[in-house]
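Chain by chain, the residues run as shown.
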Amino acid sequence: MKVLKAHKCFEGYTEFYEHESVITQTKMKFAIHRPSNEQNIRGGLIWLSGLTCTEENFITKAGSQKILNELGLVIICPDTSPRGLDLPNEHTSMHFGSGAGLYLDATTPGYRDHYRMYSYVNEEIYNLLNTKYDFKGNISIMGHSMGGHGALTIGLKNPNKYKSISAFAPIMNPMATGWTKLAFEGYLGQDHELWSKYDACELVLSGHSHPNPILVDQGDKDELYPNQLLTQNFQSAVKHSAQKLILNLRKEYDHSYYFVATFLESHLKFHLNYLMSK
């Protein structure tokens, strides 16, 4: 594992790494922020970013470091897809391929060998964080937009692995959204049953749930809300399930990191509550 750069920040350290991933069979990058006093660390968070993002977007834009240090939390932010490949159509659209891994395990030729972001996050990134800080599974998951979709689906499918789940402006029903349907086809072919395993609405309707409430913040001036994020579909799904949902509709906020930064502290404190509980 190679340290690319490191910065002291609010009495903690923001560090960027590159490593050879066993799961994606490529070099992968991630960022970590950790408090300087490791005796005060209370738990870990996995942050999943959205379309076109890298491991740097959240850690440089969200203003998280001061709050993470105060709360005693470590956060790890993986890149959003494998890099350095030249697969068919990989670099032609912001919605598919490079920077748009959708946090699933692809099954189509070429992509199935490398685009395994579900397993990369749920196994490789999780195990790296868990082992490095001896968290003994005291880890929660969160994300924004495509990353919110990833946090929801990974958390719902692994309720005993993650202490809590939250999301900012997540894609909630990708099977019913135009561009995500095309991406699902590119990654998973025509098997709609397989698609449903990466759709938060379908997972809840099929009986998946997390024992703790899911926290979601959504801006009402978000250019993707409601027609592409389909928040209302998830609200409907949880009404017929065991899953509890805390949905905050934030007036005049959009889809940007200005929105994320505004409400990030409330999400980190939400996770801390479950990370500290037995």
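Below or above, wherever it landed, is the structure these notes cover. Please read these numbers as outputs of a predicted model, since none were measured by experiment.

**Brief notes about the pattern of salt bridges**
Okay, so step 1: Tallying each qualifying case throughout the model produces nine salt bridges.
Okay, so step 2: For Arg-250, the salt bridge identified is with Asp-217, shortest N-O distance 2.7 Å. Separated by 33 residues along the polypeptide, Arg-250 in strand E9 (residues 245–250) and Asp-217 in strand E8 (residues 214–219) bring together distant segments of the chain.
Okay, so step 3: On the basis of relative accessible area, Arg-250 is assigned to the partly exposed category, the value being 23%.
Okay, so step 4: In this structure, the salt-bridge partner of Glu-265 is Lys-269, at a minimum N-O distance of 3.1 Å. Linking Glu-265 with Lys-269, this pair stays in helix H10 (residues 257–275), spanning four residues, or about one helical turn.

**Focus on the packing of aromatic side chains**
Okay, so step 1: This structure, assessed with the given rule, holds 17 aromatic pairs.
Okay, so step 2: On the numbers, 5.6 Å between centres and 25° between planes, the contact of Tyr-133 with Phe-135 is stacked. Of the two residues examined, Tyr-133 and Phe-135, each falls in the buried class.
Okay, so step 3: Lying across the ring of Tyr-118, Lys-157 places its NZ or CZ 4.2 Å from the centre.
Okay, so step 4: Note that Lys-161 overlies the ring of Tyr-126, its terminal NZ or CZ placed 4.6 Å from the centroid.

**Some thoughts on the environment of Leu-268**
Okay, so step 1: The residue Leu-268 is located in helix H10 in this model.
Okay, so step 2: By relative accessible area, which is 0% here, Leu-268 ends up buried.

**Quick look at unusual backbone geometry**
Okay, so step 1: With an omega of 0°, the peptide bond running from Tyr-225 to Pro-226 counts as cis.
Okay, so step 2: Residue position: Pro-226 is located in the loop between E8 and helix H9 (231–239).
Okay, so step 3: The phi torsion at Phe-10 lies on the positive side, around 50°, for a residue other than glycine.
Okay, so step 4: Within the element layout of this structure, Phe-10 appears in the loop between strand E1 (2–9) and strand E2 (12–20).

**Some remarks on the nonpolar core**
Okay, so step 1: Core analysis: the largest hydrophobic core is formed by 86 residues, its most contacted members being Ile-46, Trp-47, Phe-58, Ile-141, Tyr-187 and Leu-268.
Okay, so step 2: The residues touching Tyr-187, leaving out its near neighbours within four places in the chain, are Phe-96, Gly-97, Ala-100, Gly-101, Leu-102, Leu-104, Ala-106, Thr-107, Thr-108, Tyr-111 and Tyr-115.

**Observations regarding the sheet that holds E9**
Adjacent strands of a sheet pair through backbone hydrogen bonds, lying either parallel or antiparallel.
Okay, so step 1: Strand order in the open sheet formed by nine strands is E1-E2-E3-E5-E4-E6-E7-E8-E9, with mixed pairing between adjacent strands. Among the strands making up the open sheet, the edge pair consists of E1 and E9. Taking each pair of neighbouring strands and ignoring which way they run, the sheet shows an average axis angle of 15°.
Okay, so step 2: Relative to E9, E8 runs parallel, the two being bridged by six bridges. Along E9, the bridge assignment pairs Gln-218 with Leu-249.
Okay, so step 3: Relative to the sheet, H10 contacts strand E4 (43–48), strand E5 (73–78), strand E6 (139–144), strand E7 (165–168), E8 and E9, its axis offset from that of E7 by approximately 175°.

**Concerning the environment of Gln-243**
Okay, so step 1: Of note, Gln-243 is situated in the loop between H9 and E9.
Okay, so step 2: The spatial distance from the C-alpha of Gln-243 to the C-alpha of Leu-215 is 11 Å, given a sequence separation of 28 residues.
Okay, so step 3: Polar contacts involving the side chain of Gln-243 include one to the main-chain amide nitrogen of His-210, which spans 2.6 Å.
Okay, so step 4: Here Asn-212 takes part through its backbone oxygen, which lies 3.1 Å from a polar atom of the side chain of Gln-243.

**Topic: the pairing of strand E3 (residues 27–35)**
Okay, so step 1: Extensive coverage of E3 is indicated by the burial of seven of its nine residues.
Okay, so step 2: Hairpin remark: E2 followed by E3, antiparallel, with six residues in the connecting loop; positive phi at Gln-25, about 60°.
Okay, so step 3: Pairing of E3 with E5, which is carried by four bridges, proceeds in the antiparallel orientation. Across the sheet, the residue bridging to Ile-32 is Ile-76, located in E5.

**Some points on helix H6 (residues 178–188)**
Okay, so step 1: Looking only at H6, the buried set comprises Trp-179, Thr-180, Ala-183, Phe-184, Tyr-187 and Leu-188. Take H6 and look down its axis: the buried residues cluster within an arc of 140°, on one side only.
Okay, so step 2: Looking at the packing, one finds that the buried side of H6 touches helix H3 (111–114) and helix H7 (192–195).
Okay, so step 3: Taken from the residues just after H6, Gly-189 is the one with a positive phi, measuring 70°.

**Points about the side chain of Ser-49**
Okay, so step 1: With respect to the helices, strands and loops of the structure, Ser-49 is situated in the loop between E4 and helix H1 (57–61).
Okay, so step 2: The exposure class assigned to Ser-49 is buried, which follows from its relative accessible area of 1%.
Okay, so step 3: There is a polar contact of 3.0 Å between the side chain of Ser-49 and the side chain of Trp-47.
Okay, so step 4: Once you skip the residues sitting within four places of it in the chain, Ser-49 turns out to touch Thr-54, Phe-58, Thr-80, Tyr-103, His-144, Met-146, Gly-147 and Tyr-257.

Cut-offs applied
Residues numbered from 1 in each chain as written. Predicted model: local features only at pLDDT ≥ 70, side-chain atom pairs only at ≥ 80, totals over all residues. Heavy atoms only, no water. Salt bridge = Lys/Arg side-chain N within 4 Å of Asp/Glu carboxyl O. Helix = DSSP H or I, 4+ residues; strand = E, 2+ residues; numbered from the N terminus. Buried < 20%, exposed > 50% of the residue type's maximum accessible area, 1.4 Å probe, protein only. Phe/Tyr/Trp six-rings, centres within 6.5 Å; stacked < 30°, edge-to-face > 60°. Lys NZ or Arg CZ within 6 Å of the ring centre and 35° of its normal. Core = buried A, V, L, I, M, F, W, Y, C linked by side-chain atoms within 4.5 Å. Contact = heavy atoms within 4.5 Å. Pairing = 2+ DSSP bridges. Axes fitted to C-alpha atoms, helices over the stretch in contact; angles between N-to-C directions. Polar contact = N/O pair within 3.5 Å; in protein donor to acceptor, adjacent residues only side chain to side chain. Arc of directions from axis to C-beta.

Geometric values such as these leave the question of function open.
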